[in-house]
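Geometric and topological summary
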Amino acid sequence: MIELEHVTKTYRTTKGPHVVLDDVSLRFHAGEGIGVLGRNGAGKSTLLRIIGGAEAPTSGRVRRTSRVSWPIGFAGAFHGSLSGEANCRFVARIYAQDIDRVVDETRAFAEIGEYFFMPVRTYSSGMRARLAFGLSMAIDFDVYLIDEITAVGDKPFRKKCGEALEERRARAGLVLVSHDLAMIRRHCTRCLVVSRGALSDYDDVDEALKVYDQSLSA
Amino acid sequence: MSSAATNPVPPNLLRGLWLQAEVVHALALRETRTRFGGHKLGYLWALVEPTLIILTLDALFRVAGRATPVGMDIFSFIVTGLVPYHLFSASARQVAESINGNRALLFYPPVQPLDLAIARAVLEGATYFMVFVLLMGAHALVLQRFEVDDLLTVLWGFGLASFLGASAGLVFCCLGQISNAVDRARGPLLRPLFWISGVFFTAESLPAHIRKPALYNPVFHTVELVRAGWFSTYGPEHASSTYVLAWIGVLAVVGLVLERLVRRRIELT
């Protein structure tokens, strides 16, 4: 179970405080597939960081009783001068996983060949996405937070991600930020629309997509 | 750590500590590799800077014909002063910059700000201990003679210097999250300590009216302890472990309280 109670997130800027999330509450259980829609800069990634615990809310509470992943995105928190392998070992260590197993599984999933042993700064964004996604799938989480990872991947990678998520959905939940509506339709049964600091919660994905579409053209 | 604060069921404390130790271990390993060029020999670079400074000072002392206190050769005198001082100042600087230098790692929820600080303090401690062992080892090889009066006191002095630096660094680190001015003021505030912490003199050699105010500086005490432990001809009567521990206690409590306060303000991007 993950629960956000009256969460507000404010960032300090030179022009004064900027409210990204304004008193939002949310509750979901670990098995749910939740799509997150919103315009660029609406606060989707902030929402993921707060759900995962990478950032604390300015006010309000977050409760987690499930194992939640870090927000998996193509930029990631890889160190550019370390190899893909060294980055994987680091993440496996901080999650107390079997390091060799995580490295092998990530390498097999990412399919980036010898690049796996080269510094991450030499990677293209698609290759980073492969590494990040493969690494997250090698660690057992109850809920995966995925932040537009497929946006930079090629078609085979997107297909592979879709299949991996499908397989994982049987035992884990998903919070998926994506502009790929087909992907949200495929993996999610519930949808959040982030707009002007507020969350609208829809049990019907198609309805959410419709409302979101209208808000874009409005 | 955050899970302890947000989880309604308190997790097993021992398991929590073990997991945190794993995180600190992973961070220290990663930092070793990134800082020293990802090459195992790269760690030797950590030795280059203090060695050069020590050799320069050694040469200056000889050219100036300055005498060291009785029973202390110039090299050992400088090393026993410079290494604890550097351990303090490098720990303070590295811990102070631990969040700004590793912000991206906070992306992974198991990594908490305090882990970044602890990992850096551990790494600095290990580095300067190695520096000390290698310099003194090389010196002993050259002289074909090795004498330590009281190794435990030497280690105790290093330990105090390390904790003092780390806790001061934590305070600076947290204040730096509130105000950039603190980050800018840190260097100018700490740098004078190089001249007044006993790297170039001992408490015994100071006139009484200067010694008293000089001993308000806790770093001076750690240098005195290291020298008292190393040289059989020098005693610890001017050094007070209790005084240093009081500084560490106050700085650590203030730092930990500040860490709780600024935690919500830390931004990832």
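The next point concerns the packing of helix 7 (residues 151–178) of chain B against helix 11 (residues 218–230) of chain B. Residues and elements named next belong to chain B. The geometry of helix 7 relative to helix 11 is characterised by a closest axis approach of 7 Å and an angle of 160 degrees between their N-to-C directions. In terms of their interaxial angle, helix 7 and helix 11 are classed as roughly antiparallel. You can see that helix 7 and helix 11 cross each other, and the crossing is left-handed. Judged by residue contacts, Thr153, Val154, Trp156, Gly157, Phe158, Leu160, Ala161 and Leu164 of helix 7 engage Pro218, Val219, Thr222, Leu225, Val226, Gly229 and Trp230 from helix 11.

Further remarks concern the interface of chain A and chain B. With 32 residues of chain A at the interface, the matching set in chain B holds 32 residues. For the pair chain A and chain B, the summed buried surface comes to about 2800 Å²; carbon and sulfur atoms form 60% of the total. The interface formed by chain A and chain B includes 0 salt bridges. Linking chain A with chain B are 3 residue pairs in polar contact (both at pLDDT 80 or more). Of all elements in the fold, only strand 1 (2–13), helix 1 (44–52), strand 4 (59–64), strand 5 (68–73) and helix 2 (84–94) of chain A reach the threshold of two or more residues within the side of chain A that touches chain B. Of the residues forming the side of chain A that touches chain B, the biggest block, 6 residues, is contributed by helix 2 of chain A. Taken together, the residues that form the side of chain A that touches chain B break down as 16 nonpolar, 9 polar and 7 charged.

Here the focus is the confidence of the model for chain A. Model confidence for chain A is summarised by a mean pLDDT of 90, while 98% of its residues fall at 70 or above. Mean pLDDT across the secondary structure elements of chain A bottoms out at helix 7 (residues 205–217) of chain A, with 86, and peaks at helix 3 (residues 99–110) of chain A, with 95.

Right, let's get into the packing of aromatic side chains. A full pass over the atoms with the stated rule returns 19 aromatic pairs over all chains. For the ring pair tryptophan 70 of chain A and tyrosine 95 of chain A, a centre distance of 5.7 Å and an interplane angle of 35 degrees mean the geometry is tilted. Taken together, the positions of tryptophan 70 of chain A in strand 5 and tyrosine 95 of chain A in the loop between helix 2 and helix 3 put the pair 25 residues apart, joining distant regions of the chain. Among the residues examined, tryptophan 70 of chain A registers a relative accessible area of 3% and is labelled buried. Centroid distance phenylalanine 201 of chain B to phenylalanine 220 of chain B: 5.5 Å. Interplanar angle 80 degrees. Geometry classified as edge-to-face. Here phenylalanine 201 of chain B is found in the loop between helix 9 (193–196) and helix 10 (208–214), whereas its partner phenylalanine 220 of chain B is found in helix 11, with 19 residues between them in sequence.

Next up on the list: the side chain of serine 76 of chain B. Along the polypeptide, serine 76 of chain B turns up in helix 4 (residues 74–96). The class of serine 76 of chain B is buried, set by a relative accessible area of 3%.

All names here are of chain A. For strand 5, a buried count of 6 out of 6 residues is recorded, marking the element as mostly surrounded by other parts of the structure. As judged from the 4 bridges shared by strand 5 and strand 6 (residues 143–147), these two strands associate in the parallel manner. Residue pairing across strands places proline 71 opposite leucine 145, the latter belonging to strand 6.

We now examine the sheet that holds strand 3 (residues 33–38) of chain A. Residues and elements named next belong to chain A. The strand order across the open sheet formed by 6 strands is 5-6-7-3-8-9, and the pairing between neighbours is mixed. Taken across any chain shown, the strands that pair with only one partner, and hence form the sheet edges, are strand 5 and strand 9 (198–202). On average, adjacent strands in this sheet sit at an angle of 20 degrees to one another, irrespective of strand direction. Packed on one face of the sheet, helix 5 (residues 155–169) meets strand 3, strand 6 and strand 7 (173–177) and runs near 145 degrees to strand 7.

Cut-offs applied
- Residues numbered from 1 in each chain as written.
- Chains lettered and ligands numbered in written order.
- Predicted model: local features only at pLDDT ≥ 70, side-chain atom pairs only at ≥ 80, totals over all residues.
- Heavy atoms only, no water.
- Axes fitted to C-alpha atoms, helices over the stretch in contact; angles between N-to-C directions.
- Helix = DSSP H or I, 4+ residues; strand = E, 2+ residues; numbered from the N terminus.
- Parallel < 35°, antiparallel > 145°, perpendicular 65-115°, else oblique.
- Left-handed = near helix turned anticlockwise from the far one by under 90°.
- Contact = heavy atoms within 4.5 Å.
- Buried area = accessible area lost by both parts, 1.4 Å probe.
- Salt bridge = Lys/Arg side-chain N within 4 Å of Asp/Glu carboxyl O.
- Polar contact = N/O pair within 3.5 Å; in protein donor to acceptor, adjacent residues only side chain to side chain.
- Nonpolar A, V, L, I, M, F, W, Y, C, P; charged D, E, K, R; others polar.
- pLDDT = per-residue confidence, 0-100.
- Phe/Tyr/Trp six-rings, centres within 6.5 Å; stacked < 30°, edge-to-face > 60°.
- Buried < 20%, exposed > 50% of the residue type's maximum accessible area, 1.4 Å probe, protein only.
- Pairing = 2+ DSSP bridges.

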